[in-house]
Each structure stands twice: as C-alpha cells, then as structure tokens.
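# Remarks on the overall topology
The chain contents come next:
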Amino acid sequence: MGRTVLVTGASGAIGPSLLAELLRSDGIARVVVLLRAGPRWDRRVHDLRARLSPTDRLVCIAGDVVLSDLGLALGERDRLMRQAGVVIHAAANTRFSAPADDLHQVNVEGTRQALAFAKRCPRLEQFLLVSTTCVAGTRTGAIVERLEDEPAAFVNPYERSKWEAEKLTASAGLPVRIARLSTCIGDERTGRVDRFGAIHQTLRWLIRGLVPMVPAVEGSRVDLIATNVAARWIARAVEQPVNALEVCHVAAGQRAIPLRDLVECTVAHLRDTVPGWRSGQIEAPLVVDPSIFRMFERSVAQSGDLLFARVLEAAGSFFPALQYPKVYQTVQAEALWGGPLPLSDWRSTVRHVIDFGCGRQWRRARAAELSHV
Amino acid sequence: MTPNPDDVGLSGVAGVLPVRQWDLTELAAAGLLSSSADALAAFGFERAYICDATCQPREMALDAARAAMSDAGLQPHEVDLLVWASARPESQVCAGATQTDAGTVMDGFRYSSAWLQHALDLHNADVMAVAQQGCATMFAALRTARAILLAEPGRRHALCVGVDVLPPGAPREILYNVVSDAACAVVVSRGCTTEKWLGYRQISRGYYWDPAACGPEIVAAYFPTAKAAIDQLLLDHRLRPGDIDAVVATGVNRSSWDILMRLVGIPEERLFRALPAFGHTITSDSFLYLEELRRLGQIQRGSRLLLFTYGFGSSWCGLLLEH
C-alpha cells in the first residue's frame, strides 16, 4: 500500500510541477492537496486538475496553513492525520517585498501549524519543508547543507522568515528533510512559470528596456534550477527515508551561472526575438559596481518617478543577493538523487522562460494568489 | 608650429543666457515644474534663465554670434558658411508679421538663418540649417560644418549659431531637468589648432523617436547608450578613460553626470562644470561651459577634452577635442 502525501502550497511556483511528479510515482497512493478556502476555490481546483493527469489519486481539500489544524473540518482532519505518511510543506509567501509581519504570519506561523498537524500523524515518515537557499542571507563563499546560526544580516525579511521556519522545523522532533531550492526559473521544456517571481519581474522590465544596469561584484553568480528538476528531486525525496534532520540544497551549486553570462544569454535571445532588441535599438544593461547602482537608485528616489520605483522594487528583490557571491554545496542533495542533479541546459531554459513570459505579457498573478496557498 | 590645413578646430565659442533668472521657488509657484523644488535642488538645479520682453531670442543669437566671431578674430566677410542650429521647430523661423492665410504660409519661410546672415552682414557666407537633433543639434552643426570645410578647401570659417527658447508659460522641466533659454555660437575653422577636432561618435536610436511616449525608456537607455558612445569614441582613437583631461559637462541633472563619469571610468574631478548652475539650455550647455573653460585658461594646451550630450530623437553624441 502506497503513502498518502499531504501537500501545502500546491498552487505556488513549484506546486503544479511537484503534483505532476508525485502523481507519476507508483509508491504514492494519494496526494492530498490543501488549497486555501475562498470564493475561487472551485475554480482553482478545476484549474489544477486540468493541468494534471492522471488525477484519480488527487484529492483537494479546503484549508489554510495559518489556521489551527490547518483550518480543516474535524472529520477531514482526523482522517488525514490517520493516513498521512508524508507532509510536504511548500506553502509560503514568497513576495520578498511583503511586510515582515505578513511574511512571518504565513512562513513562520504557517509552518508552526503544519508541524503541529504533522506531530499528530501516527504514520508520519517525513516532514519535508520546501525552503530556500536564500536563508544564507548575506553569507558569502561556500554554503553548507546544514542548519546554521543566523547570518550577520538578511537581504530581505522573506529570507529571515524562511530561516526562522527552518529553525522551527528542525526543533520539532520529527523526521525532517529541508529542501532548500535555489531560484526556480521555469520548466526546462516549455518555459512555463506558474508564479512569476523576482527574477521574472526583473526580466519583464529588462525586456521593456527599463533596466539600465545590474549591480554585481567579482564572482556574482545566479543559481537557477528548472522548476521541473526541483519537483523531480522532491518527488524522489518523498520515497527516501529520513531519520532525524537532513538539509539539502536543490541548486546548481558549482554550476551556477556567472551573472555576466546570464545577462549576455538573455540579451542575445532578446536580440533574436523581441522588436526593439532585434533591431539593436535597445542597449544591453550594464553590469556595474554596486556603488554605481546605488547612485542610480538614489537618483530615482530623488526624482520620485513612480515607474522606475516599480522597476527598482522588482529589481530590489533580485539584485541585492548578487552582492553576496556564494556557492551552495549540493553533496546531500546529490546523494539523495544518486548522482549529480540533472540540471537542464540553462541557456535553453532561460530562452523558453523568456518566450513563455513574453507570450503571457508577464501577466501578474492575481493578488489573492500572491499571498499564500 | 604651422597648422596643418586639414586640422579643424573651434576658433571661437560663445554662449548667452537671458538676464532674467527664476529661482526654483518662483518656478514652482508659477506651476512651471512637475517635480518638487527640493527634488530638483537635490539634482543640482538652482534656477532657470527665461527670455522676457527685454531679452528676445534673436538678440541672444546676434550677441552669441558676434561674441564667437570676436573670439575667433573674424570679420563678417570672412565667414564662408553659416549654419543655424536649433532643436525646436519654432526657432527655425522668425515669428510671423502677417495675419492673412497667404501670409501664414509664407511665414514658414522666414528662416532664422537667412535673417541672421542679413543681420550680421555675412555676405560671403552660404547659409543652411541643422535641426531635429534635440540637445545635440549644435553638435550636429559642428560636425556638418567640419565636413563641409574639409570637402570644400576654398572655405575656411563656418559660423554655427543656435538658440532655443521655450514658449512663454511653457513648463520648465523636462525629464527631471530644469530648462533655461539660451543661445550659443561656435566658429569652426580649417587650419585651426584651438580646440582641434580629434573625433566624433554618435549613436542614433529612432526607437526612442517619441519622447512623450517613451520617457522612461529614454531615461533607462541613457546610461548604457551614453557609455557605448563614449567607449566607442575612445576606442576609435586608442584612448583610455584616463587619457581624457577634462569632460565638458552639460547642464542636465548633476547625479546623471556623477553616474556617467563612474560608468566610463573617467576620474570625477575631471568633470568641468565651473559655472553657477544655469539649468539645461537644450543646445547651448556644452558651449557655455567650453567658453568658460577657455576663459579661465586653467587647462593646459594639448589637453584632451570630451564633450558629450544626448538629444531627443534620440542621439547620443561624443566630441573629442584637443585644447
């Protein structure tokens, strides 16, 4: 008899890809998806099912991670507690610029509720927290796969909230696996992005020719991973036992992309595909010392220009981390996978993602979808 | 040293500002600014010079032209070519004096260049005009004048004159720059080693042809394209940023110059901006500063000067001179 896997955050950036992988797994009897209750619940369930196949083992239930017992009705709660073998807690507020209180509420308190629920599951084999490599904050150099003390500083309150969620999870006394994902850029074959994040918003403005410069220091790299690759890794992790605490970097690690290469690849593709870029009229953004970028930021702030303020807000979620070059160790992630992570050809993936985003006009997700699931 | 007849230089330079100054508070009170006075002050602006009944554009053009000719030691009959250079279409013609429909059509032919030739008695000069280069229009005029002097050896001196004045009551802020009225004139001479022409590089991007529709895109394109133009100019002449002895500023917002100097790698102390802030004068900024640089005499002969400007259209232009 296979496991029952409870998934929170299924309609997030990685959720649909993860469900697709889980539903392909023979070792899983049921995938129970907790979707936030609300007026659009039926529509969201419909949209989710429409993307997946087969769906006979998929069960959607209404709840909310920030509520006691995940907001489940008593009967549903008890049934799920009896059955759940694995809890994948992926629900999170991933808006880097969100107020710290909002981030804490969803990312820390939501994790607390998910852990409380998991503790009452007698058949629990694994609590898998989907976290982020961003918890390293402003650390530089090699980042190891273990729980670390609080870094000297975080780049934004999102990072702190996820670091606190990890600490909470590690001390829960459960069999815990923490999967720290680097930036999930999109599907390697289709470029599909289920939720545009900071890097996508930055791309969107860059394509409009509104990003004149990108701050970087020597060794600035961007650690990208295809969303489907991250999903495959998590699906495999579900089948692997964990004893106490295991931290894994699902990341490109040593193979992270030098920032200049990423900018060059992006610009080269835009010159092939996007009017304005194609005719060579839009100049590539400059990769500059952070002090120059700060001068530009100050200038924009002094001007009070609203559009550039939006551009810098989006870029401000992505750029600051570039000033703290680091390499994520992937030893444990690779041990679980059974070899080097099957990273996609990043150039091809980036090109697909740009095409996908342009095809969608980088349409923003609805506000309700942006908070948490 | 005998000058090489193929050397072209700027033998005379002059700029003229109106007498009437408006400080930022006055401009804001008159509703002529879109940003706050504080924000514009933070960008280094202090005032705008605005024409009024006592100071007409034509008078400024005459004053600038006479001063430049005097600087070059030229008499009117020695000018072989007159190039009128204005960014604004209204400046290309003298204001009409007739009220009839036929007169309205004919008024479009009351060319400023022809009027100036007549007013200055430049009876040996051919006359032409350069337009549609925005704030880079005077750069285009100099480039055109130099090309003609080199192509036609019988001609020796070209007088380029530009004046741009905004209509009465017009907003005085364009893309975070406080805009002044002004005129300037430059004599371009063959066989001249003063401000000797070393090179020129222009990048024109018609993609940004409509400034009202793509203001933010222009602001974003400014720095990468400016750097590209300057980098290419230096590369053309096998120069490094440190080989530039002085960068002659424009009157656009100070922080944009601070950023550009860092981007191109020229030490910031080499930015020449030694005049009380006069705002951005469309075509005259660089030449108001160049006139002051020549007057001060603090730059050694043989120094390399870089003039750079951006003009709506859009064009990014770098001019390299040897002082």
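Residues numbered from 1 in each chain as written. Chains lettered and ligands numbered in written order. Predicted model: local features only at pLDDT ≥ 70, side-chain atom pairs only at ≥ 80, totals over all residues. Heavy atoms only, no water.

## Focus: the interface of chain B and chain A
By a frequent convention, interface size equals the accessible area lost on bringing the separate parts together. Taken together, the contacts link 24 residues of chain B with 25 residues of chain A. Both sides together, the interface formed by chain B and chain A hides about 2,100 Å², and carbon and sulfur atoms give 64% of it. Close ionic contact of A:Glu283 with B:Arg205 constitutes a salt bridge, the shortest N to O distance being 2.8 Å. Listed by contribution, the elements that provide at least two residues to the side of chain B that touches chain A are helix H2 (37-42), helix H7 (215-236) and helix H8 (254-264) of chain B. Broken down by element, the residue count for the side of chain B that touches chain A peaks at nine residues, all from H7(B). In terms of residue class, the side of chain B that touches chain A is built from 14 nonpolar, five polar and five charged. (Contact = heavy atoms within 4.5 Å. Buried area = accessible area lost by both parts, 1.4 Å probe. Salt bridge = Lys/Arg side-chain N within 4 Å of Asp/Glu carboxyl O. Helix = DSSP H or I, 4+ residues; strand = E, 2+ residues; numbered from the N terminus. Nonpolar A, V, L, I, M, F, W, Y, C, P; charged D, E, K, R; others polar.)

## Here's the deal with the pairing of strand S2 (residues 28-36) of chain A
Residues and elements named next belong to chain A. With seven of nine residues buried, S2 is to be regarded as a mostly interior element. In this structure, strand S1 (residues 3-8) lies alongside S2, joined through six bridges in parallel fashion. Residue Arg 3 lies in a different strand from S2, and its bridge partner there is Ile 28. Crossover S1 to S2 through helix H1 (residues 15-24) is right-handed. Pairing analysis gives six bridges linking S2 to strand S3 (residues 58-63), with the strands arranged parallel. The partner of Leu 35 across the bridge, within S3, is Ala 62. (Buried < 20%, exposed > 50% of the residue type's maximum accessible area, 1.4 Å probe, protein only. Pairing = 2+ DSSP bridges. Right-handed = clockwise from strand over helix to strand, strands pointing away.)

## Examining the sheet that holds S1(A)
Residue and element names in this part refer to chain A. Sheet architecture is open: seven strands sit in the order S3-S2-S1-S4-S5-S7-S12, paired in parallel fashion. Each end of this open sheet is capped by a strand with a single partner; those strands are S3 and strand S12 (245-250). For this sheet, the mean inter-axis angle between neighbouring strands, taken without regard to orientation, is 20°. One ladder, built from four bridges, connects strand S4 (residues 84-89) with strand S5 (residues 126-132); its direction is parallel. The residue of S5 that forms the bridge with Val 87 is Phe 127. (Axes fitted to C-alpha atoms, helices over the stretch in contact; angles between N-to-C directions.)

## Quick word on unusual backbone geometry
In this chain, A:Ser53 is followed by A:Pro54 through a cis amide linkage whose omega measures -5°. When you line up the elements, A:Pro54 lands in the loop between helix H2 (41-51) and S3. A cis amide bond, omega 15°, links B:Gly313 with the succeeding residue B:Ser314. Turning to its location among the elements, B:Ser314 is positioned in the loop between strand S13 (304-311) and strand S14 (315-322). In this structure, B:Leu175 takes a positive phi of about 45° despite not being glycine. Relative to the helices and strands, B:Leu175 is located in the loop between strand S7 (173-174) and strand S8 (177-178).

## Looking at the pattern of salt bridges
Should the charged atoms of two oppositely charged side chains come close, the side chains can pair. Applying the stated criterion across every chain yields a total of 29 salt bridges over all chains. As a salt-bridge pair, A:Arg112 and A:Glu109 come within 2.9 Å of each other at their nearest N and O atoms. Taken together, the residues A:Arg112 and A:Glu109, both in helix H4 (residues 100-119) and three residues apart, mark about one turn of the helix. B:Glu217 is the salt-bridge partner of A:Arg208, the closest N and O atoms lying 2.9 Å from each other. Here the residue A:Arg208 occupies a position in the loop between helix H6 (198-207) and strand S9 (213-215), and B:Glu217 occupies one in helix H7, the pair thus bridging two chains. Three or more residues are tied together by salt bridges with common partners; here these are A:Asp69, A:Arg77, A:Asp78 and A:Arg120.

## Concerning the nonpolar core
The biggest cluster of nonpolar side chains holds 122 residues, and the ones touching the most others in it are A:Met213, B:Leu142, B:Val188, B:Phe287 and B:Leu290. Ranked by residue count, the leading element in this core is H7(B), at 11 residues. Sequence-distant contacts of B:Phe287, defined by excluding residues within four places in its chain, comprise B:Val13, B:Met138, B:Phe139, B:Leu142, B:Cys184, B:Val186 and B:Leu307. (Core = buried A, V, L, I, M, F, W, Y, C linked by side-chain atoms within 4.5 Å.)

## A short note on the packing of helix H9 (residues 290-303) of chain A against helix H10 (residues 306-316) of chain A
Helix packing geometry: the angle between the two helix axes and the distance between the axes. Residue and element names in this part refer to chain A. One can describe the packing of H9 onto H10 by two numbers: an axis separation of 10 Å at closest approach and a directional angle of 140°. Relative to H10, the crossing made by H9 is left-handed. Seen from H9, the contacting residues are Phe 293, Phe 296, Glu 297 and Val 300; seen from H10, they are Phe 308, Ala 309 and Leu 312. Per-class residue counts for the contact of H9 with H10 are six nonpolar, no polar and one charged. (Left-handed = near helix turned anticlockwise from the far one by under 90°.)

## Comments concerning the packing of H4(A) against helix H5 (residues 157-170) of chain A
Residues and elements named next belong to chain A. Relative orientation of the contacting elements H4 and H5 amounts to 15°, with a least axis distance of 9 Å. Viewed along their axes, H4 and H5 adopt a mutual orientation that is roughly parallel. Crossing angle aside, the handedness with which H4 passes H5 is right-handed. Mapping the contact onto sequence places Ala 100, Leu 103, His 104, Asn 107, Val 108, Thr 111, Arg 112 and Leu 115 in H4 and Pro 157, Tyr 158, Ser 161, Lys 162, Glu 164, Ala 165, Leu 168 and Thr 169 in H5. Broken down by class, the residue content of the contact of H4 with H5 amounts to eight nonpolar, five polar and three charged. (Parallel < 35°, antiparallel > 145°, perpendicular 65-115°, else oblique.)

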